Amino acid sequence: MKETRTCPTCHTHLEADAEICPECEQEFCPVCLAALADSATRCDACGVEFDLVCPECEEIVPANVNVCPTCGFVFDEEAAEEMEVTTSPVSVALGAAAPAVVGGTVARPFHEDARCPTCEAPVSLEDGFCRECGQAFCTRCNQAVDDEDEVCPHCGADLFFDCPLCDFELTAGTEICPNCGALFPNYCTHCRQPLQHGDVICLYCEEPVTIMQRKSARVVHAIRMAEGMVQIVACPACGEQFNAGISTCPNCSFRLCPNCQIHLEPEEAICPRCGEDPEKVIRPPDPVLRCPMCRQLINAGMDQCPHCQQLLCPECLAPVSADDLSCPQCGIDFELYCPQCDAVVAADADSCPECGFVF
């Protein structure tokens, strides 16, 4: 017999994992199932915080922001009351709750003065063009330029450069080459002083600037807790999922910056990308996650609960069935394994492309 519980508002019998009462529409925390107040952005029982949806562009934004990082919409008290509250404590989207990832790079954050010189939409200085109207602009002075310009007519800065490792043409301001993964350092790893684009030696300590290929970890979960944001990353070397604050992969010892998730060499005490000392970055606590069916503690990235054997989506931990080809909650497509040779096959395949086994 399926477990049930009673709604504290209207006393209707509910399923054990119900997040909303169908009778009185009382909402419950998806983590601890405590009753939530109307438009609550935080559960008073367990402390988990919820995301909001911007009324202008419908992007998910953190509950404590004043300006939407995607469209620039300014929230006031009246607008905040009209915003739709989502009762999901896990934010997988990387555009609002965490830095946006484009081609393996983390885009620079939006600034109040970083706006398109033509349509005034918020822009990332690294891009060199407006995603709204397509206007090209100088990444140094933020003035409009023509598409055929190679040098900014306003400040004289070069608008393009070739990657020194693979000769791929890049927009000035690019942090990581999307073709070969070369990182162009923002900070000197010896003295932590900022570097200018094109520097071959640090002007402060006179140490040479090294440009090298670096892998960055993929963020698979961005979990907002009362103590802060916890990012679960997949190791780019072995695929192990772990709390980014640990800095070193517990499976293969691959070292990452706990602040921006870029690969660090063993001897580097300063991250060349964000300038942080990896040993001094405050590590968020490990997230407390529970199986949506039996409510027992589980780890991020699990595809099956070890307690009740419920199949789970490894991305958002929603319950799934053995017949699901994609997650009904977050939409991610699942990879299937051939029972004959263990090769990865497409979810809609009729036979294994490696050994020919017919499903």
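Above this text sits the structure in question.
All values derive from a computational prediction rather than experimental measurement.

## Some remarks on the overall build of the protein
Next, step 1: Of regular secondary structure, the protein possesses one helix and 19 strands.
Next, step 2: A total of 359 residues make up the protein; the buried ones form 38% of that total.
Next, step 3: Here the analysis covers contacts within the protein between residues at least 6 apart in sequence; of these, 28% occur between residues at least 24 apart.
Next, step 4: When the accessible surface of the protein is summed, it comes to about 20300 Å², and 47% of that surface belongs to carbon and sulfur atoms.

## Some details on the environment of C274
Next, step 1: Inspection of the secondary structure puts C274 in the loop between β15 (241-243) and β16 (289-290).
Next, step 2: Owing to a relative accessible area of 17%, C274 belongs among the buried residues under this scheme.
Next, step 3: Here the alpha-carbon distance between C274 and R192, two residues 82 residues apart in the chain, equals 9.6 Å.
Next, step 4: Ignoring any residue separated from it by four or fewer positions in sequence, one finds C274 in contact with Y187, C257, N259 and C260.

## What about the packing of aromatic side chains?
The relative placement of two aromatic rings is captured by the distance of their centres and the angle of their planes.
Next, step 1: Evaluated as defined, the whole model comprises one aromatic pair.
Next, step 2: Measuring from centroid to centroid gives 5.2 Å for F161 and F184, while their planes differ by 80°, and the two rings are edge-to-face. With F161 in strand β9 (residues 160-162) and F184 in the loop between β11 (182-183) and β12 (212-213), the pair connects residues that are 23 residues apart, well separated along the chain.
Next, step 3: The exposure class assigned to F161 is buried, which follows from its relative accessible area of 14%.

## Concerning the environment of D333
Next, step 1: Of note, D333 is situated in the loop between β17 (297-298) and β18 (336-337).
Next, step 2: Sequence spacing of D333 and C313 is 20 residues, and the spatial spacing of their C-alpha atoms is 9.7 Å.
Next, step 3: Those residues in contact with D333 that lie beyond four places of it in its chain are L325 and S326.

## A few points about the nonpolar core
Next, step 1: Counting nine residues, the largest nonpolar core consists of A217, V219, V233, C235, F242, A244, C249, F254 and L256.
Next, step 2: If sequence neighbours within four positions are ignored, F242 has contacts with Q231, I232, V233, C235, T248, C249, P250 and L256.
Next, step 3: Of all hydrophobic cores here, the second largest spans eight residues; its members include L183, C257, C260 and C274.

## Quick notes on a nonpolar patch on the surface
Next, step 1: On the surface, V200, I201, L203 and Y204 cluster together into a nonpolar patch covering about 470 Å² of accessible area.
Next, step 2: Inspection of the secondary structure puts L203 in the loop between β11 and β12.
Next, step 3: Taking the relative accessible area as the measure of exposure, L203 reaches 67% and is therefore exposed.

## Brief notes about the pattern of salt bridges
Next, step 1: Tallied over the entire structure, the rule returns four salt bridges.
Next, step 2: Two residues, R273 and E175, come together in a salt bridge whose shortest N-O distance is 3.5 Å. Residue R273 is located in the loop between β15 and β16, and its partner E175 is located in the loop between β10 (169-171) and β11; the two are separated by 98 residues in the primary sequence.
Next, step 3: On the accessibility criterion, E175 (7% relative accessible area) is buried.

## A closer look at a negative patch on the surface
Next, step 1: Negative charge collects at one region of the surface, where E150, D158, D162, D167 and E169 lie side by side.
Next, step 2: Of note, E150 is situated in the loop between β8 (105-106) and β9.

## Some words on the environment of S253
Next, step 1: Examined against the element boundaries, S253 turns out to sit in the loop between β15 and β16.
Next, step 2: A relative accessible area of 54% means that S253 is categorised as exposed.
Next, step 3: Put simply, S253 and P266 are 13 residues apart on the chain and 9.9 Å apart in space, counted from C-alpha to C-alpha.

## Some thoughts on the state of the cysteines
Next, step 1: Summed over all chains, the structure comprises zero disulfides.
Next, step 2: For C7, which is in no disulfide, the shortest distance to another cysteine sulfur is to C24 and amounts to 3.6 Å.
Next, step 3: Of the residues examined, C7 reaches a relative accessible area of 1% and is grouped as buried.

Cut-off values and rules
Residues numbered from 1 in each chain as written. Predicted model: local features only at pLDDT ≥ 70, side-chain atom pairs only at ≥ 80, totals over all residues. Heavy atoms only, no water. Helix = DSSP H or I, 4+ residues; strand = E, 2+ residues; numbered from the N terminus. Buried < 20%, exposed > 50% of the residue type's maximum accessible area, 1.4 Å probe, protein only. Contact = heavy atoms within 4.5 Å. Areas by Shrake-Rupley, 256 points an atom, 1.4 Å probe, with all protein chains shown as cover. Phe/Tyr/Trp six-rings, centres within 6.5 Å; stacked < 30°, edge-to-face > 60°. Core = buried A, V, L, I, M, F, W, Y, C linked by side-chain atoms within 4.5 Å. Patch = residues over 30% accessible without salt bridge, like charges linked within 9 Å, V, L, I, M, F, W, Y side chains within 5 Å. Salt bridge = Lys/Arg side-chain N within 4 Å of Asp/Glu carboxyl O. Lys, Arg positive; Asp, Glu negative; His and termini not counted. Charge placed at Lys NZ, Arg CZ, Asp CG, Glu CD. Disulfide = S-S within 2.5 Å.

Shape is all these values report; function is a separate question.
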